Amino acid sequence: RTCGEVVIEVKEQVRGADVYIVQPTCASEGVGLNQTVLELLFMIRRLRQEGASRLTAVVPFYAYARQDRKTDLRCPISASAVSQMIDKMGVDRVVTLDLHSGQIQGYFNNRAPLDNLGMAHEFAQYVRSQRWFDRQQTVVVSPDAGGVGRAHAFADLLGVSHIVTVMKRRARAGVVAEMQTVGDVQGYTCIIVDDMVDTGGTLIKACELLKSMGATKVVACITHGVMTDPCVSRINASSALDTLVVSDSIPQEANLARADPAKFHVLGCAALIAEAMTCYNMGGSISTLFDRPVTPKPQLQVATSSVSPLNDGPGMFPATVVTPPAGGGVPPSFKSMSPGAASFGTSLPGSGGQTPASAHSRKASDLPPRAAADPPRVNSS
């Protein structure tokens, strides 16, 4: 509405259905972060009132995740407030990617558990497909002490034994006073693993520190590319950062248009989340998503149609995928899921529908058959 209110309207029958709401709570072109949070809350409430049997909120990017603790005497723990609002609306399960800190999972009660999926396998698959990769000459770098566990898990996937930690002392939130490394990087290719990049200032400083200590190449694999200005300009101008790889948990079309294509790559997260949704719908365990081996990157396929509901099975609810309208912040890879090829990727404007080489795909044999019916449409304004 012109007054600024968010209005949700469900145009399809969902009574008795197993509904998946795909809504990253991030800012995108023409849509603010707080609006996407409200859209998610209102969609959960409206669909619950419509009689959906089970509601799963798929939130690739979880808003306010960095405000997970008190950093000052009078500041709120906003991540906890968001989780309580989502829970109160009546959701049954929440799925997200690479939370800023694992403790956020504890903000949800047992009735509405949160599953924290990781992009580590997708990043490891990308790294192992690069010609420059040599496990004997590669070191995994944690940008802070809190990310050491993430770096260890990533190093195990790559078969790398050398791990380095960057220790930072912050002057205030978002401003680093000084840095130093714990570990040797002389003559190594450094892979920085983190959950989020915002303005890019800390990332570029870490890359410059690693290069000054003798690193031959610096690559950053970061799940959530928030990339507020002047992040893209800093990446393009930096000679210390060779490659930045992010997921499309946040839409990246605008950044792809401005960034140096030789330095900036985007991996799709739709295949990972679709596999988790398949496990939920079939009553399986998502532990297979964490235990699966890293395999060579499959040949990419071009997606040609929109998301289709998961196929029904004996004793299962009919599964439906619900997404907000265009411009609502849904990653493009969710809009390009092909029921025939089960391919997932991002189609860029002017590319003729071609999927970029950095996107992710799956063969049809990896997923169960899909029904031909179109998913319900949810309009918001």
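Structure's up top.
Residues numbered from 1 in each chain as written. Predicted model: local features only at pLDDT ≥ 70, side-chain atom pairs only at ≥ 80, totals over all residues. Heavy atoms only, no water.

Draft legend 1. Highlighting the overall build of the protein chain. Across its full length, the protein chain holds 10 helices and 14 strands. When burial is assessed residue by residue, the protein chain has 51% of its 381 residues classed as buried. When the accessible surface of the protein chain is split by element, carbon and sulfur atoms take 51% of a total near 16800 Å². (Helix = DSSP H or I, 4+ residues; strand = E, 2+ residues; numbered from the N terminus. Buried < 20%, exposed > 50% of the residue type's maximum accessible area, 1.4 Å probe, protein only. Areas by Shrake-Rupley, 256 points an atom, 1.4 Å probe, with all protein chains shown as cover.)

Draft legend 2. The arrangement of the pairing of strand β10 (residues 217-225) in detail. Most of β10 is tucked away, with eight of its nine residues classed as buried. Crossover strand β9 (residues 189-197) to β10 through helix α5 (residues 201-212) is right-handed. Note: β10 against strand β11 (residues 243-247), four bridges, orientation parallel. Within β11, the position partnered with Val-219 by the bridge is Thr-243. (Right-handed = clockwise from strand over helix to strand, strands pointing away. Pairing = 2+ DSSP bridges.)

Draft legend 3. Geometry of the pairing of strand β12 (residues 264-267). With four bridges connecting them, β11 and β12 associate as parallel partners. The partner of Val-246 across the bridge, within β12, is Val-266. The parallel pair β11 and β12 is bridged by helix α7 (residues 253-258), and the resulting crossover is right-handed.

Draft legend 4. Inspection of the pattern of salt bridges at higher detail. As enumerated under the stated definition, the model contains nine salt bridges in all. Residue Glu-50 pairs with Arg-46 through a salt bridge whose shortest N-O separation is 3.0 Å. Looking at Glu-50, the relative accessible area reads 25%, which means it is partly exposed. Arg-46 gets classed as partly exposed once you look at its relative accessible area, which sits at 29%. Taking the shortest distance from any N to any O, the salt bridge between Arg-93 and Asp-115 comes out at 2.7 Å. Of this pair, Arg-93 sits in strand β4 (residues 93-97) while Asp-115 sits in strand β5 (residues 114-117), and the two are 22 residues apart along the sequence. (Salt bridge = Lys/Arg side-chain N within 4 Å of Asp/Glu carboxyl O.)

Draft legend 5. Expanded view of unusual backbone geometry. Cis geometry marks the peptide bond from Asp-229 to Pro-230, where omega comes out at 5°. Among the structural elements, Pro-230 can be located in the loop between β10 and α6 (231-237). With a phi close to 40°, Asp-98 is a non-glycine residue in the positive phi region. Looking at the element boundaries, Asp-98 is found in the loop between β4 and β5. Given a relative accessible area of 13%, Asp-98 falls into the buried group.

Draft legend 6. Broad picture of the nonpolar core. Core analysis: the largest hydrophobic core is formed by 34 residues, its most contacted members being Leu-117, Val-127, Val-140, Phe-154 and Leu-158. If you list the elements that add at least two residues to this core, you get β2 (18-22), β4, α3 (120-128), α4 (148-158), β9, β10 and α8 (270-281). When residues no more than four places from it in sequence are discounted, the contact partners of Leu-117 are Val-95, Thr-96, Leu-97, Asp-98, Leu-272, Ile-273, Ala-276, Ile-286, Leu-289 and Phe-290. (Core = buried A, V, L, I, M, F, W, Y, C linked by side-chain atoms within 4.5 Å. Contact = heavy atoms within 4.5 Å.)

Draft legend 7. Quick peek at α8. Counted at 1.5 Å a residue, the expected span for α8 with its 12 residues is 16 Å, and the 16 Å between its end C-alpha atoms agrees. The element α8 is extensively covered by neighbouring structure, given that 12 of its 12 residues are classed as buried. What α8 keeps buried is the set Ala-270, Ala-271, Leu-272, Ile-273, Ala-274, Glu-275, Ala-276, Met-277, Thr-278, Cys-279, Tyr-280 and Asn-281. A positive phi of about 70° marks Gly-283, the residue just after α8. (Expected span 1.5 Å × (residues − 1).)

Draft legend 8. Spotlight on α3. Of all the nine residues making up α3, seven are buried; the element is thus mostly covered by neighbouring parts of the structure. Of all the positions in α3, only His-121, Glu-122, Phe-123, Ala-124, Gln-125, Tyr-126 and Val-127 are classed as buried.

Draft legend 9. Highlighting the environment of Leu-289. By the secondary structure assignment, Leu-289 is in helix α9 (residues 287-291). Considering only alpha carbons, one finds Leu-289 and Leu-272, 17 residues apart in sequence, at a separation of 7.8 Å. In contact with Leu-289, other than residues within four places in its own chain, are Leu-117, His-121, Leu-272, Glu-275 and Ala-276.

Draft legend 10. Examining the packing of aromatic side chains more closely. Evaluation of the coordinates by the stated rule reveals one aromatic pair. A centroid spacing of 6.3 Å and a plane angle of 70° characterise the contact between Tyr-62 and Phe-108, whose relative ring orientation is edge-to-face. Here Phe-108 lies in the loop between β4 and β5 and Tyr-62 lies in the loop between β3 (54-59) and α2 (78-88), a separation of 46 residues in the sequence. This pair shows no difference in class: Tyr-62 is buried, exactly as Phe-108 is. (Phe/Tyr/Trp six-rings, centres within 6.5 Å; stacked < 30°, edge-to-face > 60°.)

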